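In case you want the letters, here they are:
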Amino acid sequence: MVTDSPLIIALDYPSLDAALCMADQLDPARCRVKVGKELFTRSGPAVLEALHGRGFEVFLDLKFHDIPNTVASAVQAAAEQGVWMVNVHASGGQRMMEAAIQRLEQHRLATHLIAVTVLTSMGAGDLADVGVNAPLAEHVERLALLTQQSGLHGVVCSAQESAHLKARCGDAFLKVTPGIRPSFAATNDQQRIMTPSEAMRAGSTHLVIGRPVTQAEDPMMALESIEAELKRV
Ligand code: C5P
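Treat the numbers as computed from the prediction; the structure is a model and nothing was measured. (Residues numbered from 1 in each chain as written. Predicted model: local features only at pLDDT ≥ 70, side-chain atom pairs only at ≥ 80, totals over all residues. Heavy atoms only, no water.)

**Q** In this structure, what is going on with the pairing of strand β8 (residues 206-209)? I would like to understand it.
**A** The side-chain alternation of β8 yields two buried faces, one formed by His-206 and Val-208 and the other by Leu-207 and Ile-209. Bridge count between strand β7 (residues 174-177) and β8: two bridges; the pairing is parallel. Bridge pairing links Val-176 to His-206 in β8. Note on the crossover from β7 through helix α9 (residues 196-202) to β8: the handedness is right-handed. (Buried < 20%, exposed > 50% of the residue type's maximum accessible area, 1.4 Å probe, protein only. Helix = DSSP H or I, 4+ residues; strand = E, 2+ residues; numbered from the N terminus. Pairing = 2+ DSSP bridges. Right-handed = clockwise from strand over helix to strand, strands pointing away.)

Okay, structure coming up:
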């Protein structure tokens, strides 16, 4: 079952059972799901198997960052388990990203490979601490262009960056955007938020949404409200 929905629901749970309990309330024809570091570290490949068995396409959000051969092998391992999307840190550099994408191509694996530019938890001061003195927006753009030159399919970025990255990298370059809050939802701990329709208008191609759906009394109804909001774009 393949969906053309831009919605990716973050399954941020500490156990396989809790993640599947949520997945069972969602429809794989209407969203994809994201598995992150905690869930994968606790449950391992079993969670991918279980989600694939239920018909979901999975974004494995492990943000690999290591020497080129190690990252290429990890990306290959993820792709061989059938994930729809996997990611790396662009700051691992061009050779690392090229090794990863070439490995997918060599093995004819169709998994989307995207990169994180600068973590949104980092401010200008944090960048300076690690020796990056360029303004944050400039560094994001530099890493997005490096990602594209390396042959990857897109980046994880905030909706605030989507319009600019669309202008620099084009429509086909994926812009996967967290920090989304539908008009009905609480802000939680997210700072710079946009609604789903604002983010799509800004040029995001996919929206990562967690708590507004997973903590809703009726997750599928929350998903429907988001779909309705998107139809009005
Ligand atoms: O619950 P919420 O919608 O805030 O969840 C967003 C998801 O996107 C979480 O899995 C979070 O780790 C992830 N994320 C984020 N901001 C980033 C990158 C990833 O919120 N910059």
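**Q** So what exactly am I meant to see when it comes to the site of the ligand here?
**A** Inspection of the region around the ligand gives Ala-10, Asp-12, Lys-34, Thr-120, Pro-178, Arg-181, Gln-190, Val-208, Ile-209, Gly-210, Arg-211 and Pro-212 as its neighbouring residues. Take Gly-210: an N or O atom from its main chain is 2.8 Å from an oxygen atom of the ligand. Compared with its free state, where it exposes 460 Å², the ligand has 78% of that area covered by protein. Among the detected pockets, the ligand sits in the largest pocket. Classifying every residue of the shell around the ligand by side-chain character gives five nonpolar, three polar and four charged. (Near = heavy atom within 4 Å. Polar contact = N/O pair within 3.5 Å; in protein donor to acceptor, adjacent residues only side chain to side chain. Areas by Shrake-Rupley, 256 points an atom, 1.4 Å probe, with all protein chains shown as cover. 1 Å grid on protein atoms, 1.4 Å probe; cavity = no way out; pocket = protein on both sides within 12 Å on 5 of 7 lines; lining within 4 Å. Sits in = over half its atoms within 2 Å of the grid points. Nonpolar A, V, L, I, M, F, W, Y, C, P; charged D, E, K, R; others polar.)

**Q** Just checking my understanding: could you explain the nonpolar core for this structure?
**A** The tendency in soluble globular proteins is for nonpolar side chains to be buried as a group. Within the largest apolar cluster, 56 residues are counted, with the highest numbers of intra-cluster contacts made by Leu-26, Val-35, Leu-51, Leu-60, Val-75, Val-88 and Leu-113. For Val-35, the contacting residues outside a window of four places in its chain are Phe-40, Val-47, Leu-48, Leu-51, Val-58, Phe-59, Leu-60 and Asp-61. Membership of the second largest hydrophobic core comes to 11 residues, among which are Phe-59, Ile-114, Val-156 and Leu-174. (Core = buried A, V, L, I, M, F, W, Y, C linked by side-chain atoms within 4.5 Å. Contact = heavy atoms within 4.5 Å.)

**Q** How should I be thinking about the environment of Met-22 in this particular structure?
**A** Positionally, Met-22 belongs in helix α1 (residues 16-23). On the accessibility criterion, Met-22 (5% relative accessible area) is buried. A C-alpha to C-alpha distance of 18 Å links Met-22 and Gly-44, two positions 22 residues apart in sequence. In contact with Met-22, other than residues within four places in its own chain, are Leu-11, Tyr-13, Thr-214 and Pro-219.

**Q** Just to check I follow, could you spell out the side chain of Ser-150 for this structure?
**A** Mapped onto the elements of the fold, Ser-150 is located in the loop between α7 (136-149) and β6 (154-156). At 2.6 Å, the side chain of Ser-150 forms a polar contact with the backbone oxygen of Leu-146. Look past the residues within four positions of Ser-150 in its chain and what remains in contact with it is Gln-94, Met-97, Glu-98 and Ile-101.

**Q** Which parts of the structure should I look at to understand the pattern of salt bridges?
**A** Side chains that differ in sign of charge can pair as their charged atoms come close. With the rule as written, the count across this model stands at 10 salt bridges. The salt bridge involving Glu-141 is made with Arg-168; its shortest N-O contact spans 2.2 Å. Placement of the pair is Glu-141 in helix α7 and Arg-168 in helix α8 (residues 159-169), with a sequence separation of 27 residues. In this structure Glu-141 comes out as buried when scored by relative accessible area, which is 17%. (Salt bridge = Lys/Arg side-chain N within 4 Å of Asp/Glu carboxyl O.)

**Q** Please explain the packing of aromatic side chains as it appears in this structure.
**A** One pair of aromatic rings is described through two measures. These are the centre distance and the angle between the planes. Evaluated as defined, the whole model comprises zero aromatic pairs. It is Arg-32 that lies over the ring of Trp-84; its NZ or CZ is 4.0 Å from the centre. (Phe/Tyr/Trp six-rings, centres within 6.5 Å; stacked < 30°, edge-to-face > 60°. Lys NZ or Arg CZ within 6 Å of the ring centre and 35° of its normal.)

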